[in-house]
There are 2 protein chains.
Amino acid sequence: MSASIRLVTTYVYDFAEGNKDLKDLLGGKGANLAEMTNLGLPVPPGFTISTEACKAYLAQGTVPTELAEEVTEHLGRLEQAMGRRLGDPEDPLLVSVRSGAKFSMPGMMETVLNIGLNDASVAGLAARGGNERFAWDSYRRLLQMFGATVLHIDSEHFSDALDAAKQAKGTAADLDLDVEDLRALVGTYKKIIVHHAAREFPQDPREQLDLAVKAVFDSWNGERAVLYRRSERIPEDLGTAVNVQAMVFGNQGVSSGSGVAFTRDPASGESGVYGDYLQNAQGEDVVAGIRNTMSLQELEGVDKTSYDGLLHIMSALEDHYADMCDIEFTIERGKLWMLQTRVGKRTPEAAFRIAHHMVDDGLIDDNEAVLRVTGGQLAQLMFPRFDEAAERRLIARGMNASPGAAVGKVVFDSDTAVEWSDRGEEVILVRKETNPDDLRGMMVSRGVLTSRGGKTSHAAVVARGMGRTCVCGADDLDVDVKTRQFRIRGGGVVHEGDLISIDGSTGEVFDGAVPVADSHVVRYFEGEAFADDDLVDSVAAIMGRADGVRRLQVRANADNPEDAARARRFGAQGIGLCRTEHMFLGDRRELVEHLIVAEDEPAQAKALDALLPLQRQDFVEILEAMDGLPVTIRLIDPPLHEFLPDMTELSVKVAIEDAHGKHDMRQIRLLDAVKRLHEMNPMLGLRGVRLGIVIPGLFEMQARAILEAAARRLRAGGDPHPEIMIPLVASIRELNVVKEHIIEVAKKIQEREGVEIPFKIGTMIELPRAAMTAGQIAEAAEFFSFGTNDLTQMTWGFSRDDVEASFFSEYLDAGIFPVSPFESLDTEGVGALVRKASEDGRATRPELHLGVCGEHGGDPDSIHFFNAVGLDYVSCSPFRVPVARLEAARATLEQSS
Amino acid sequence: MSASIRLVTTYVYDFAEGNKDLKDLLGGKGANLAEMTNLGLPVPPGFTISTEACKAYLAQGTVPTELAEEVTEHLGRLEQAMGRRLGDPEDPLLVSVRSGAKFSMPGMMETVLNIGLNDASVAGLAARGGNERFAWDSYRRLLQMFGATVLHIDSEHFSDALDAAKQAKGTAADLDLDVEDLRALVGTYKKIIVHHAAREFPQDPREQLDLAVKAVFDSWNGERAVLYRRSERIPEDLGTAVNVQAMVFGNQGVSSGSGVAFTRDPASGESGVYGDYLQNAQGEDVVAGIRNTMSLQELEGVDKTSYDGLLHIMSALEDHYADMCDIEFTIERGKLWMLQTRVGKRTPEAAFRIAHHMVDDGLIDDNEAVLRVTGGQLAQLMFPRFDEAAERRLIARGMNASPGAAVGKVVFDSDTAVEWSDRGEEVILVRKETNPDDLRGMMVSRGVLTSRGGKTSHAAVVARGMGRTCVCGADDLDVDVKTRQFRIRGGGVVHEGDLISIDGSTGEVFDGAVPVADSHVVRYFEGEAFADDDLVDSVAAIMGRADGVRRLQVRANADNPEDAARARRFGAQGIGLCRTEHMFLGDRRELVEHLIVAEDEPAQAKALDALLPLQRQDFVEILEAMDGLPVTIRLIDPPLHEFLPDMTELSVKVAIEDAHGKHDMRQIRLLDAVKRLHEMNPMLGLRGVRLGIVIPGLFEMQARAILEAAARRLRAGGDPHPEIMIPLVASIRELNVVKEHIIEVAKKIQEREGVEIPFKIGTMIELPRAAMTAGQIAEAAEFFSFGTNDLTQMTWGFSRDDVEASFFSEYLDAGIFPVSPFESLDTEGVGALVRKASEDGRATRPELHLGVCGEHGGDPDSIHFFNAVGLDYVSCSPFRVPVARLEAARATLEQSS
């Protein structure tokens, strides 16, 4: 091959040509085989067909002609190295074909072994090894794997035939089948192929190889692979590589065998090797679990040379990769072969412990330890879980909306939830779907279960915000609030007061109380001391380092003193979003109703006066809990009718009473107000700063409550830092109108109280217009907080409440979203607005403080984006604060690397 | 004054220092006084206090110290020129103080005459002229004007005192009051001032002057002035100038007098001078109409020298300004003085005729004629009007939502409207508010009247779209559909079938039938020939020139063949928006209902099959009407529940029937569907391209209907140019999914029919995300059409349906909007997205065709913006097409000038 051709296109690489960093090109498996080859480890030779070849095939729909030529060339080299020709009837070279994408992916075609065998070469193989049974068994395996994975024949047909053969022989063990049995089985398998695939099994070894390669390529777009990529946010366009490797055989008798091993325990993270070995077996037998394996340690007694060699290699690999490795190996008649290695998958617990231990072992440094764990893993460690050993009865399945394990008595409304909880009961709130009325109930419940709505429904979003376990959209449940029960589609009824258990990490709903195991990690964050808990020590060490390196500050979204205090314990550096409307619920709803139905300004003023001392006290307590740290308080945001009953329900109620001759005047007046305030699109209606401009005194009352609270804290020797945040600003003119009023209020209070209150006034950037005119808005705002929930809604033009049910699943299926833009920030569209607003705002006011307080503030991918854009902080629910701290550090480290 | 000081700040300019182009600095009046002075015309000398002084005063709240000094200096120069000192007891200089902003503005303080008179100088004035009565009458006038305009005393107090004096004298004429009467009246006026202003009338002439100047400044922020600026979109920060000018007196006997004149008739535009003159009177007497004026022509007989001089000056001014001038003059004892000139205001009719005639007269060129008229004026000429001479009885007033004059019988629903209209009756549809259900009724009605909703409510927007007269938000009406009547708050009831008349240009509602005058201009556009109609000739000539110079193409929004044909007659160069959902209404609603309640794909497919031939036939006819021109067809956009009944209404209905033991299963099933499709925020829900992706076959059916229609037209020898437009695209991935299906459909049809259909596929840009990612989207779109209605909604985050009622008026009052962003494009926010998307789209695809099809396509200001951004076309309702043609030309000319 001339150099100039190599420049044009290279689709195939010998193992010796690659290394572990070429995963994009060679896939994970290929890159690691190359690495091991170059480390001088015993790897059966072979070559890798690159992901570029796969991409070219998928784009054109046909295998590129250059590929066939390159395969011919590399195959020739392999044949030369091995001294055998593929499918040679006398002494055949056999190869395995394995997929290997950048990220390992269930659902891809994985392996076809023994390619090169056919009716002629099977005899050559038998002759070479002097083992006819082995040769026919290998041929049988090729037919089975090729039929199932290349020709897409249901593998049951093959296993049924195998079972029948064993049954005819009166045995349960494969090994009892002799040469004749296997030869007959090969015949049967061939017939199965002709019958189900409408073609003969290809006798041409090269055709076998080419078809297997093509099958690997095609499996990239297999249904399960596509779904997996989507759920794991793996890009669609990476393609997979294919590894073609000389076969070695673990099924050549008791001096042969296959095994898998980890250099540390992938479940617990404990040091020490860990693995399984199966004598006289090929790799897939180990995984299939058809016979009992021995532990790796037992291999020492069976084949000490190989065992020592393996341990030596494992130690070398761990040192070389500086990480826990996962290994597949085969021993062929006492000779050890390495078939695969990769950085091993591990549980969250193992991830933290291994990272921490490896720092102690001197394998990696502190920063690398931070990069070795993820926020997602930390979150997993924080949720309570059901005891895995305990018995349970599954009654329904919904969406895993907010993780955790919750047990409690079923209640169907907030009043009952509060009442029962007040008397010490643990409850689970069950609703068709939730709305702001259910907030009190959600707060006192252990968990929330709904029969409607997706992962971004009200229930899901609010529950996640509270760190409350939630399963939503469990549509097998028929919730009937009237009769205080839900029916289960499969049969059965659960009544109010019955115990259930819900798993927010899996979406499962269980009958009765499943025992729950607490999270030590949360208890550690809460301040509990653990002597001798290696996991807690590991988390503590890594979090300490994370806090040392991260640039982004982390604040919490908290609306009450309890949440604020918890957030602070969890490491929050202030409150990024304190929603004042949550303070309007509960007992205060009646006062808010007075405000709404007030017919003139004096009546409005009276209602506001009644709310003032209550709000002020809230703020005093929150500022106290966050003493010395900034507390960003958002003035009231939602449309007022959210505080009133639903229009249709109330209309029906009034109409029915009317039909029965009853007339409740209060209700009729209330219905009038509901109708007056009704909006076609409340999300696009009278809310946020618009309320502040339209309702005289509303924002002033809130500003007064905040600033008087701050004055009290100052006089009590405290160090309050309130930041007043105006929601839903679209234009600097709105902000200016409101700001002027607030500054007036502040002047009066400061004069009267004789204190200087250190406060700021800023705005949410949550409308596209605010982002587009951020350069102007920054003239009036001391800080921006990106409200990425609303910004996502407006930028895409769809509402969180409505769209998930109606078309999100179709959109995910069609690949329009890789992930819901409410879960992870849409960096191309919404992110472009965030970036523009940040740049334009800072151009106007270089010291402008920038933060984000949407759901995205706690999402790892989004945190990395916010770090890159240069925000000063993210704010998220208290329970996400440690996650955000960790991911902020990872973002800093990744960006600087 | 040294040169260096003048560089720092100059607040005052002598008339000789200015010219007519300095309106920003000197105001309109001051600039024109300067111009006349420099032309050598007889202008009483004086000086102008600039708008800069006003702005400084308004910003600081006090008169700048430099201003006082400069006024002293200029006053000194004026005194020197006139040989008199201000308020000199022997021979006083008297001055007038007049406001003069850049744009003339009702509500501003206009004039205080005779400043410089006081208890002492009144004697000097009497001595100088030998006319004691004149002196005391002048003093009396000063007190009255100063009291009313500077001290804000209700002018009725003064006119009551004047009436009392005349009554005591037993006369009705001011002239019958003698010196003693006037002296007594001065005493009375002084007491009125002390009583109502709690201060003495200032005897110091300079204090009089300074207070008057300050009063002019203050009047800039007077309520009426602010409202006027808002309605005329005049910026808030211009400030006003103040003109201080030596007094000349028209009230010095019969050889004196005052008059106003126009160089052409401002009402009709006819050539020939036109004006009024009043002997022995000051200017305000002419305007006040207290005595009968003589026509300008009659002046010739009274004072031929002055008359000839005036005509000479008027002719010179018209030549100099090259426009019709409006003049104020005074003759003082036979000496002609020019007090003011400006380019005269005129009616729309006069504007067109004058512009056209001036081209013939060689005063201006063709292009200037186009710039001399506006789209707004043309629109005025197109609406039918009520005969001004006819009697009428006003019963209510609403918003002038869609201009025109409509007479008809009141109907309360679409069915009645259609039924009555079918039998030849003219009807006016009266509703609380309208929704898509009312569309059929609106189409057959002469006008639409609603008691709720603003200028951008559904009724207003749709009516404007149809060119249908509409008055909306007439909240004095209590519409009761059940009893088929509306009550008027002031009293009275109008029943179904009663005749009413509505004026969409004024918002007035009249009892009975007011006679209507037709518009010749519309009849001309419709193709009627008028021999000898100067207005039609003028419009034709100017429109011809406009079409010759404009760069922007103009298309129409039309959903049916009739509208398409009319649009074409009105000069549309294609259809920019054909809304296919309007084709789903009427008789076809049932088919759409089948589609919606279909429980599986076969049922959906059946419903779609039934719709296909109907849609196809629509498209055949529209393509025929627009043969040879592009027709942009938008696939279905609104959420499906818009085709179903209202949820609350239906819920109540079902509940009441249920209470009475009735169960209508069809209705119950329908309610289920309504509930299933119910969305919290339909504007942000399942609509547009989302429907196309979620409902299999829907967009394909529409694409098939369009392309099969095109194929039929081709086979019939036609020249169809369909452009298929996908609504509500946020991401190129949505567009790609849909485009792929359409291209498949097109391939099949082209193969089957054996024709090559010249079609394009493009997208609406109506979501912020589409604008932000337009560079990507242009890879898949052959054209963009900016849907600025939705883009405005999403960018601002408010819905047209909801916000106008709830806070637009407060926003306009607070100055947050100068004008509703639904009426005129918000160039800062929404416009920035349009600009970005245009640039990014063209960067990807230089030949990308760009248009706009929102309401803004017919708005003059917005058209100028779209021209500047470089769009290829605007699309608007057929009736706005001539307006858009004209404004597009004006935009081209203004940009190139």
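Residues numbered from 1 in each chain as written. Chains lettered and ligands numbered in written order. Predicted model: local features only at pLDDT ≥ 70, side-chain atom pairs only at ≥ 80, totals over all residues. Heavy atoms only, no water.

**Overview of the relation of the copies chain A and chain B**
Part 1 of the reasoning: Mapping chain A onto chain B is achieved by rotating through 180° and translating by 0.0 Å along the same axis, at an RMSD of 0.3 Å. Each copy turns onto its partner about a two-fold axis. Looking at the rotation axis and the C-alpha trace of chain A, the residue lying nearest is N681 of chain A, at 2.0 Å.
Part 2 of the reasoning: Take the interface residues of chain A: 100% of them recur as interface residues in chain B, which is what a same-surface contact looks like. (Least-squares fit on C-alpha atoms with pLDDT ≥ 70 in both. Contact = heavy atoms within 4.5 Å.)

**Observations concerning the interface of chain A and chain B**
Part 1 of the reasoning: Taken together, the contact between chain A and chain B spans 52 residues of the former and 52 residues of the latter.
Part 2 of the reasoning: Interface area, chain A with chain B, both sides summed: about 4700 Å², of which 62% is carbon and sulfur.
Part 3 of the reasoning: Ranking the residues of chain A by area buried against chain B places L684, R769 and M772 of chain A at the top, with a combined share of 14%.
Part 4 of the reasoning: Applying the counting criterion to the chain A and chain B interface returns five salt bridges.
Part 5 of the reasoning: Linking chain A with chain B are 21 residue pairs in polar contact (both at pLDDT 80 or more), by the criterion used here.
Part 6 of the reasoning: Those elements that provide at least two residues to the side of chain A that touches chain B are α25 (647–659), α27 (689–694), α29 (732–753), α30 (768–772), α32 (788–796), α33 (800–813) and α34 (830–844) of chain A. (Buried area = accessible area lost by both parts, 1.4 Å probe. Salt bridge = Lys/Arg side-chain N within 4 Å of Asp/Glu carboxyl O. Polar contact = N/O pair within 3.5 Å; in protein donor to acceptor, adjacent residues only side chain to side chain. Helix = DSSP H or I, 4+ residues; strand = E, 2+ residues; numbered from the N terminus.)

**Digging into the sheet that holds strand β6 (residues 111–115) of chain A**
Residue and element names in this part refer to chain A.
Part 1 of the reasoning: In spatial order, the strands read β1-β2-β7-β5-β6; together these five strands make up an open sheet with antiparallel pairing. Every interior strand has two partners, whereas the edge strands, β1 (12–14) and β6, have only one. Strand-to-strand twist across the sheet, computed as the mean angle between neighbouring axes with direction ignored, equals 20°.
Part 2 of the reasoning: As paired elements, strand β2 (residues 46–49) and strand β7 (residues 240–246) share four bridges and run antiparallel to each other. Considered in β7, the bridge of G46 is made with Q245. (Pairing = 2+ DSSP bridges. Axes fitted to C-alpha atoms, helices over the stretch in contact; angles between N-to-C directions.)

**With respect to the packing of aromatic side chains**
Part 1 of the reasoning: A full pass over the atoms with the stated rule returns 42 aromatic pairs over all chains.
Part 2 of the reasoning: A ring pair is formed by Y57 of chain A and F217 of chain A, whose centres lie 5.3 Å apart and whose planes are at 35°; its orientation type is tilted. You can see Y57 of chain A sitting in helix α3 (residues 51–60) and its partner F217 of chain A sitting in helix α9 (residues 205–219), a full 160 residues away along the chain. Just as Y57 of chain A is buried, F217 of chain A falls in that class too.
Part 3 of the reasoning: A ring pair is formed by Y524 of chain B and F525 of chain B, whose centres lie 5.4 Å apart and whose planes are at 45°; its orientation type is tilted.
Part 4 of the reasoning: Joined through ring pairs, the aromatic side chains of W796, F798, Y811, F817 and F822 of chain A make up one cluster. (Phe/Tyr/Trp six-rings, centres within 6.5 Å; stacked < 30°, edge-to-face > 60°. Buried < 20%, exposed > 50% of the residue type's maximum accessible area, 1.4 Å probe, protein only.)

**Some thoughts on the pattern of salt bridges**
Close approach of charged atoms allows side chains of opposite charge to pair.
Residues and elements named next belong to chain A.
Part 1 of the reasoning: If you walk through the whole model with that rule in mind, you get 140 salt bridges over all chains.
Part 2 of the reasoning: The shortest N-O distance in the salt bridge between D438 and R431 comes to 3.2 Å.
Part 3 of the reasoning: Taking relative accessible area as the criterion, D438 reaches 3% and is therefore assigned buried.
Part 4 of the reasoning: Its relative accessible area of 17% is what places R431 among the buried residues.

**With respect to the confidence of the model for chain A**
Part 1 of the reasoning: Scored by pLDDT, chain A has a mean of 91; 96% of the residues are at 70 or more.
Part 2 of the reasoning: Counted against residues more than four places away or in other chains, residues 1–7 of chain A, with its pLDDT under 50, gives five contacts. (pLDDT = per-residue confidence, 0-100.)

**Notes on the packing of helix α23 (residues 589–597) of chain B against helix α26 (residues 665–677) of chain B**
All names here are of chain B.
Part 1 of the reasoning: For the pair α23 and α26, interaxial distance at closest approach is 11 Å and the crossing angle is 65°. Taken as axis vectors, α23 and α26 run roughly perpendicular relative to one another. Classified by chirality, the crossing of α26 by α23 is left-handed. Across from E593, I596 and V597 in α23, the residues of α26 making contact are R666, L670, A673, R676 and L677.
Part 2 of the reasoning: Broken down by class, the residue content of the contact of α23 with α26 amounts to five nonpolar, no polar and three charged. (Parallel < 35°, antiparallel > 145°, perpendicular 65-115°, else oblique. Left-handed = near helix turned anticlockwise from the far one by under 90°. Nonpolar A, V, L, I, M, F, W, Y, C, P; charged D, E, K, R; others polar.)

**Digging into the side chain of T580 of chain A**
Residue and element names in this part refer to chain A.
Part 1 of the reasoning: Mapped onto the elements, T580 comes out in the loop between β27 (575–579) and α23 (589–597).
Part 2 of the reasoning: Take T580: its relative accessible area is 0%, and that puts it in the buried class.
Part 3 of the reasoning: A polar contact is formed between the side chain of T580 and the backbone oxygen of R634, at a distance of 2.8 Å.
Part 4 of the reasoning: For T580, the contacting residues outside a window of four places in its chain are Q615, F619, I633, R634, L635, I636 and Q702.

**Brief notes about the sheet that holds strand β21 (residues 485–488) of chain B**
Residue and element names in this part refer to chain B.
Part 1 of the reasoning: Read across the sheet, three strands follow the order β20-β21-β22 without closing on themselves; strand pairing throughout is antiparallel. Strand pairing shows two members of the sheet lacking a second neighbour, β20 (477–480) and β22 (493–495), which therefore form its edges. The sheet shows a mean angle of 20° between the axes of neighbouring strands, taken without regard to direction.

**Quick look at the packing of helix α21 (residues 534–549) of chain B against helix α36 (residues 881–896) of chain B**
Residues and elements named next belong to chain B.
Part 1 of the reasoning: Orientation of α21 relative to α36, taken along the N-to-C sense of each, is 60°, at an axis distance of 8 Å. Judged on the interaxial angle alone, α36 and α21 are oblique. Considering only the axes of α21 and α36, their crossing is left-handed. Where α21 abuts α36, its residues I542, M543, A546, D547 and V549 lie against P882, R885, L886, A889, T892 and L893.
Part 2 of the reasoning: Considered class by class, the residues forming the contact of α21 with α36 number eight nonpolar, one polar and two charged.

**Topic: the environment of D91 of chain A**
Residue and element names in this part refer to chain A.
Part 1 of the reasoning: Note that D91 resides in the loop between β3 (85–86) and β4 (92–93).
Part 2 of the reasoning: By relative accessible area, which is 25% here, D91 ends up partly exposed.
Part 3 of the reasoning: When the C-alpha atoms of D91 and A127 are compared, they prove to be 7.8 Å apart, with 36 residues separating the residues in sequence.
Part 4 of the reasoning: Setting aside anything within four residues of it in sequence, one finds D91 in contact with R84, R85 and R128.
Part 5 of the reasoning: Within the local environment of D91, its side chain forms a polar contact with the side chain of R84, the two groups lying 2.9 Å apart.
Part 6 of the reasoning: There is a polar contact of 2.6 Å between the side chain of D91 and the side chain of R128.

**Notes on the nonpolar core**
Part 1 of the reasoning: By size, the foremost hydrophobic cluster in this structure holds 317 residues, and its most contacted members are I726 and F784 of chain A together with I726 and F784 of chain B.
Part 2 of the reasoning: Among the nonpolar cores identified, the runner-up in size contains 60 residues, and L78, L143, I192 and V242 of chain A belong to it. (Core = buried A, V, L, I, M, F, W, Y, C linked by side-chain atoms within 4.5 Å.)

**Quick look at the environment of D627 of chain A**
Residue and element names in this part refer to chain A.
Part 1 of the reasoning: Here D627 shows up in the loop between α24 (601–625) and β28 (630–634).
Part 2 of the reasoning: D627 sits 93 residues away from P720 along the chain, and the two C-alpha atoms are 5.6 Å apart.
Part 3 of the reasoning: With near-sequence residues (within four places) excluded, D627 lies in contact with R568, R713, G718, D719 and P720.
Part 4 of the reasoning: In this structure the side chain of D627 is engaged in a polar contact, spanning 2.6 Å, whose partner is the backbone nitrogen of D719.

**Describing helix α35 (residues 860–869) of chain A**
Residues and elements named next belong to chain A.
Part 1 of the reasoning: Burial analysis of α35 places eight of its ten residues in the buried class, which makes it a mostly covered element.
Part 2 of the reasoning: Within α35, the full set of buried residues consists of P860, S862, I863, H864, F865, F866, N867 and V869.
Part 3 of the reasoning: Where α35 terminates, the next one or two residues include G870, which has phi positive at roughly 95°.

**Examining the layout of surface pockets**
Part 1 of the reasoning: What the second largest pocket holds in volume is close to 740 Å³.
Part 2 of the reasoning: Lining the second largest pocket are 25 residues, and of these R733 of chain A together with I816, F817, P818 and V819 of chain B lie nearest its centre.
Part 3 of the reasoning: Of all the secondary-structure elements, those providing two or more residues to the lining of the second largest pocket are α10 (223–232) and α35 (860–869) of chain B.
Part 4 of the reasoning: Of all the elements, α35 of chain B adds the most residues to the lining of the second largest pocket, at three residues. (1 Å grid on protein atoms, 1.4 Å probe; cavity = no way out; pocket = protein on both sides within 12 Å on 5 of 7 lines; lining within 4 Å. Points joined across faces, edges and corners; volume = space filled by probe spheres on them.)

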